[in-house]
Amino acid sequence: MTSPSPYASTLDVLAGLLPPHLLQPRVGIVCGSGLSTLASSLRDVHEVPYSALDGFGKSTVEGHKSALAFGLIGPGEGIPVVAMLGRFHPYEGHKLSTVVYPIRILAKLGVRDLIITNASGGLNPNLAVGTIVVIQDHLALPNLTGPLNPLLGPQTSPDHPRFVPLSDAYSTKLRRLAFLAAHDLSFDDDALAEGVYAWVSGPTYETPAEGRFLRAAGADVVGMSTVPEVVVAKEEGMEVMVLSLVTNPVVIPDTYRSIKEEVKAELAGKPVELPVMPVVSHDDVLAVGRQKAEAMKQLVARIIEMIPHV
Ligand SMILES: O=P(O)(O)O[C@@H]1C[C@H](O)[C@@H](CO)O1
Ligand SMILES: Nc1nc2[nH]cnc2c(=O)[nH]1
């Protein structure tokens, strides 16, 4: 007797709740911190709370709703799409298998193209806050040596390769469409950039030295999500694109003023002003998400309309 698929009960619940024209989404969207409004471009929307779905956790981070939104994008009959309104991060205490479970469900529903969004800190000084970075590669310290690779352990399906190549993780087809869509929407040239995403576990934001280290290692932005989703989406055979919204600078010039020198100056009777280090908060991150929500929404909707759907 074969054991039932672990995904079967989740898929059964969805089949019971959704009309047939929404049950086989072609495109998936993962909404990052503060970006759940991306799904407001969907019409005929049916939301299913994560609490109704076996295997789904609850997103505990502010700015992440906990629901799947099914709907249509684009003219005519529309393209069936599913959006994850909220994701799971390992730092919340979720197991990696929970973090990537929704991605596996999206694959089983038929999603072929996955657009993942996130909020990130800027390491490259040329990336202003508010820039949308089309991710071209990643640097995943927790994956390379540590226990946070989502593919560690027995294979989830004999159909999956044991050793998943990641040199082509970020779809050139979708990245091209992102820049064409930005052109179509008359975005400024510097509204959309390209770069490398460094994944860290969080939930601490980086020290200045860590920021410089990641920059020296070749990363342009840093965040606490996304990479496990990309890895599993690739294993499941999807085309993947990541749009990362820079919400705060991480590498800040001149943050290392010497206190020793300041004290010497003080002792010499000169006026001193001790440096104040800028700090980032999740509220700042969410505020930039709100400011850029409309641009992100337009971009994602236009990209989806441009994907050839045969
Ligand atoms: O889910 P994302 O990656 O968009 O959220 C970022 C990373 C942390 O979860 C949080 C830090 O402010 O925002
Ligand atoms: N690790 C990390 N994640 C973020 N998400 C949004 N901003 C940041 C940041 O500065 N660092």
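In the block above lies the structure referred to throughout.
Overview of the structure. Numbering of residues starts from 1 in each chain and follows the order in which that chain's sequence is written. Both sets of labels track the order of writing: A upward for chains, 1 upward for ligands. Under the rules for a predicted model, residues below a pLDDT of 70 receive no local features and side-chain atom pairs below 80 are neither given nor counted, while totals for whole chains, interfaces and linings still include all residues. With hydrogens and water stripped out, all remaining heavy atoms of the structure feed into the side-chain values.

Focus: the pairing of strand β7 (residues 192-199)
Buried residues are those whose accessible area, probed at 1.4 Å on protein chains only, stays under 20% of the maximum for their type, while exposed residues exceed 50% and partly exposed ones sit between those limits. For the purposes of this entry, the term helix denotes a DSSP run of H or I that reaches at least four residues, the term strand denotes a run of E that reaches at least two, and both are numbered from the N terminus. For β7, the buried fraction is high: seven of the eight residues fall into the buried class. Two strands pair if DSSP finds at least two bridges between them. Strand direction decides the pairing type here: strand β6 (residues 132-140) and β7, joined by eight bridges, are parallel. Opposite D137, over in β7, you have V196 as the bridge partner. We call a crossover right-handed when, viewed with both strands directed away from the observer, the connection leading from the first strand over the helix to the second proceeds clockwise. Crossover handedness for the path β7 to helix α5 (residues 208-216) to strand β8 (residues 221-223): right-handed.

Comments concerning unusual backbone geometry
Following G202, the chain continues to P203 via a peptide bond in cis, the omega torsion being 0 degrees. Looking at the secondary structure, you find P203 in the loop between β7 and α5. In the Ramachandran plot, D44 falls in the positive-phi region, its phi being about 55 degrees despite a non-glycine side chain. Mapping D44 onto the fold places it in strand β2 (residues 43-49). Judged by its relative accessible area of 37%, D44 falls in the partly exposed class.

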